[in-house]
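Remarks on the overall topology
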Amino acid sequence: MLHAVLARAIRHGRLTVQYPDGRIRHYGDGTGPEAGFRILTRRAAWRLVTNPGLSFGESYMDGAIEPLDGRLLDLLNLLMANMAEPTGHPVEALRALWRQARRRLDQLNPAPRARRNVAHHYDLNGRLYALFLDRDRQYSCAYFPTGQESLEEAQAAKKRHIAAKLRLAPGQEVLDIGCGWGGMALTLARDHGVRVTGITLSEEQLREARRRAAEAGLADRCRFELLDYRAWRRPVDRIVSVGMFEHVGIVNYPAFFRTLARALKPDGVALVHAIGRRDGPGSTNPWLTRYIFPGGYSPALSEVLPAVERSGLWATDVEILRLHYALTLQEWRRRFAANRDAIQSLYDERFCRMFEFYLAASEASFRQGGLINWQLQVSRRIDAVPLTRDYMLEAERALAAAPAG
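Within each chain, residues carry numbers counting from 1 in the order of the written sequence. Note on the predicted model: pLDDT of at least 70 is required for a residue's local features to be given, and 80 or more for side-chain atom pairs to be given and counted; whole-chain, interface and lining totals, by contrast, use all residues. Here the side-chain values reflect all heavy atoms present in the structure, with hydrogen atoms and water set aside.

- Per an unreviewed UniProt entry, the chain goes by Class I SAM-dependent methyltransferase and derives from Falsiroseomonas selenitidurans.

Okay, here's the thing in structure tokens:
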């Protein structure tokens, strides 16, 4: 049965599969990229027929599937490039329809559930993230103006890119929704003279962000709270939210943008940065939901903009970042591999294989699976930002030339 599925699904490239009984078969037209994997148990082969979206990653975690020559990324790139075809896996196509039908239920994220979902991934041992992120612990898409930047340079460029869109001025008050370990908030407070409140649902991130603010001497201008965005009540000049919108859930998009509209002062500006999809509404991969981001979803802009329209906000700028996250994940994978022994000492081998699969599958999704990043600037007033985008580039260049602080 698996042979029949793969013969139907793999149309391009060359996929080599070694079955549990030792047979080796090849799929595809033989042109283009090559990759392969061995299946070590009959159960793993059966699960690839009945529930591939979940079982491929689980089987890799359990050691029941091994990439040939250890090239996991090459294998996932080849599979994703082919599974996007209309002739792909028929059982997985049916499961995807079922996931899409129930996604509103799966993405219900009231405050208690949102906190549990966040804790699942972000309250892991803090050393883990220090071992593969940049020094500022930016856990979101970096910005590569040339594609040759180091990870630290690209993450600094991302913060400048966002700050330029916010049109910051000394003395303004900024709300950072989903502040992570505080890197964005601290940078804005230090380099722009603004006062920032960062909110998060992760206790691990909250402790680290407060420690970093005190260590940097910025605790008087940069404070952090354990707070759900829906509970914010005070008006602010600017709002920034990076890598948090994927956890909101489609049911809550109207509430999210109503919160922004209510929290912004009349001349206020907000910038939301998130993962999206280019091919319209979909559903989250079940393996990613179970092991990495429960309740998470990366929306198409067609699902987001209607909520903006109903909130009364102006969508004043939209930018699509292509391949920037693939380059970010490539560097995260490299650093994770370099520190694998230290990470395994924190957890175990199965956890390491889970995280390797997560990073490689995410990179393949940005290269082959249609994922993108979008940045959406919104305001309450039509004239809150200049008439053209020139101001963004001018501000970004000035920030790049200026010393930190």
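1. Some points on the sheet that holds strand β4 (residues 65-67)
- Pairing is mixed in the open sheet, where four strands are placed in the order β2-β1-β3-β4. The open sheet has two free edges, formed respectively by β2 (24-27) and β4, since each of these has just one partner strand. For this sheet, the mean angle separating the axes of adjacent strands, direction not counted, is 20°.
- Paired strands, as defined in this entry, are two strands with at least two bridges between them according to DSSP. A run of H or I in DSSP counts as a helix once it spans at least four residues, and a run of E counts as a strand once it spans at least two, with each numbered from the N terminus. Direction of pairing for strand β1 (residues 14-18) relative to β2: antiparallel, over a ladder of four bridges. Bridge pairing links glutamine 18 to isoleucine 24 in β2. Axis lines are fitted through C-alpha atoms, for helices just across the contact stretch, and the angle between N-to-C directions can take any value from 0 to 180 degrees.

2. With respect to the domain arrangement of the chain
- We note that the domain assignment places domain 1 (2-87) and domain 2 (106-401) within the chain.
- An automatic or database domain assignment supplies the residue ranges for each domain. Here the C-alpha centre of domain 2 lies 33 Å away from the C-alpha centre of domain 1.
- By definition, residues are in contact when any of their heavy atoms lie within 4.5 Å. Counting residues at the interface gives 17 residues for domain 1, matched by 18 residues for domain 2.
- What gets called buried area is simply the loss in accessible area from a 1.4 Å probe that two parts show on being joined, summed for both. The contact between domain 1 and domain 2 buries some 1,600 Å² in all, and 65% of this surface belongs to carbon and sulfur atoms.
- Of all residues in domain 1, Met61, Leu73 and Met80 bury the most surface against domain 2, accounting for 38% of the area lost on that side.
- We count a salt bridge whenever a side-chain nitrogen from Lys or Arg sits within 4 Å of a carboxyl oxygen from Asp or Glu. Where domain 1 touches domain 2, the interface holds three salt bridges.

3. Considering the pattern of salt bridges
- Overall, the coordinates contain 28 salt bridges when judged by the stated rule.
- Across the salt bridge formed by glutamate 66 and arginine 353, the nearest N and O atoms sit 3.1 Å from each other. Here glutamate 66, found in strand β4, pairs with arginine 353, found in helix α17 (residues 349-367); they are 287 residues apart in sequence, far enough to count as distant.
- The partner of aspartate 136 in a salt bridge is arginine 212, and the shortest N-O contact between them spans 2.4 Å. Taken together, the residues span a long stretch of sequence, with aspartate 136 in the loop between α8 (126-130) and α9 (151-166) and arginine 212 in helix α11 (residues 203-215) at a distance of 76 residues. Both residues of the pair, aspartate 136 and arginine 212, belong to the buried class.
- One network of salt bridges, with partners in common, ties together Arg135, Glu152, Glu331, Arg334 and Arg335. Accessible area is worked out with a 1.4 Å probe on protein chains only. A residue is then buried under 20% of its type maximum, exposed over 50%, and partly exposed in between.

4. A closer look at the sheet that holds strand β10 (residues 314-321)
- One open sheet holds the seven strands; their spatial order is β7-β6-β5-β8-β9-β11-β10, and the pairing between them is mixed. Two strands close off the open sheet at either side, each with one partner strand: β7 (222-226) and β10. When strand polarity is set aside, the average angle formed by the axes of neighbouring strands in this sheet is 15°.
- Where β10 lies against strand β11 (residues 371-379), seven bridges are found, and the strand directions are antiparallel. Residue pairing for β11: leucine 321 is matched across the bridge by asparagine 373.
- This element, α9, spans β8 (236-242), β9 (264-277), β10 and β11 of the sheet and lies at about 145° to β9.
- Of the strands in this sheet, β10 and β11 touch helix α14 (residues 301-311), which is tilted by about 10° from β11.

5. Notes on the packing of aromatic side chains
- When the centres of two rings from Phe, Tyr and Trp lie within 6.5 Å, Trp using its six-membered ring, the rings pair. Their planes under 30 degrees apart give stacked, over 60 give edge-to-face, and anything left gives tilted. Scanning the model with the defined rule gives 27 aromatic pairs in all.
- On the basis of an interplanar angle of 35° and a centroid distance of 5.9 Å, the ring pair of tyrosine 60 and phenylalanine 357 is categorised as tilted. A residue pair is termed long-range when its members are at least 10 positions apart, and tyrosine 60 in helix α3 (residues 52-62) and phenylalanine 357 in helix α17 qualify at 297 residues. The pair formed by tyrosine 60 and phenylalanine 357 is uniform in burial state, with each residue classed as buried.
- To sit over a ring, a charge needs its Lys NZ or Arg CZ within 6 Å of the ring centre and within 35 degrees of the ring normal. The side chain of arginine 23 reaches across the aromatic face of tyrosine 19, ending 5.9 Å from its centre.
- Over the ring of tyrosine 60 we find arginine 353, and its NZ or CZ is 4.3 Å from the ring centre.

6. What to know about the UniProt feature "domain: DUF7884" (unreviewed entry) in the chain
- UniProt positions are given in the numbering used here, feature names are shortened, and annotations may be inferred rather than shown by experiment. Summarizing the sequence annotation, UniProt attributes the feature "domain: DUF7884" (unreviewed entry) to residues 12-82 in the numbering used throughout.
- Secondary structure content for residues 12-82 is 44% helix and 25% strand, and the end C-alpha separation is 7 Å.

7. As for the pairing of strand β6 (residues 195-200)
- Most of β6 is tucked away, with five of its six residues classed as buried.
- Bridge count between strand β5 (residues 173-177) and β6: five bridges; the pairing is parallel. Residue glutamate 173 lies in a different strand from β6, and its bridge partner there is arginine 195.
- Read from β5 through helix α10 (residues 183-192) to β6, the crossover connection turns out right-handed.
- Of the strand pairs in this sheet, β6 and β7 are connected by five bridges, and their pairing is parallel. Note on handedness: a clockwise path from strand one over the helix to strand two, with the strands aimed away from the viewer, defines a right-handed crossover.

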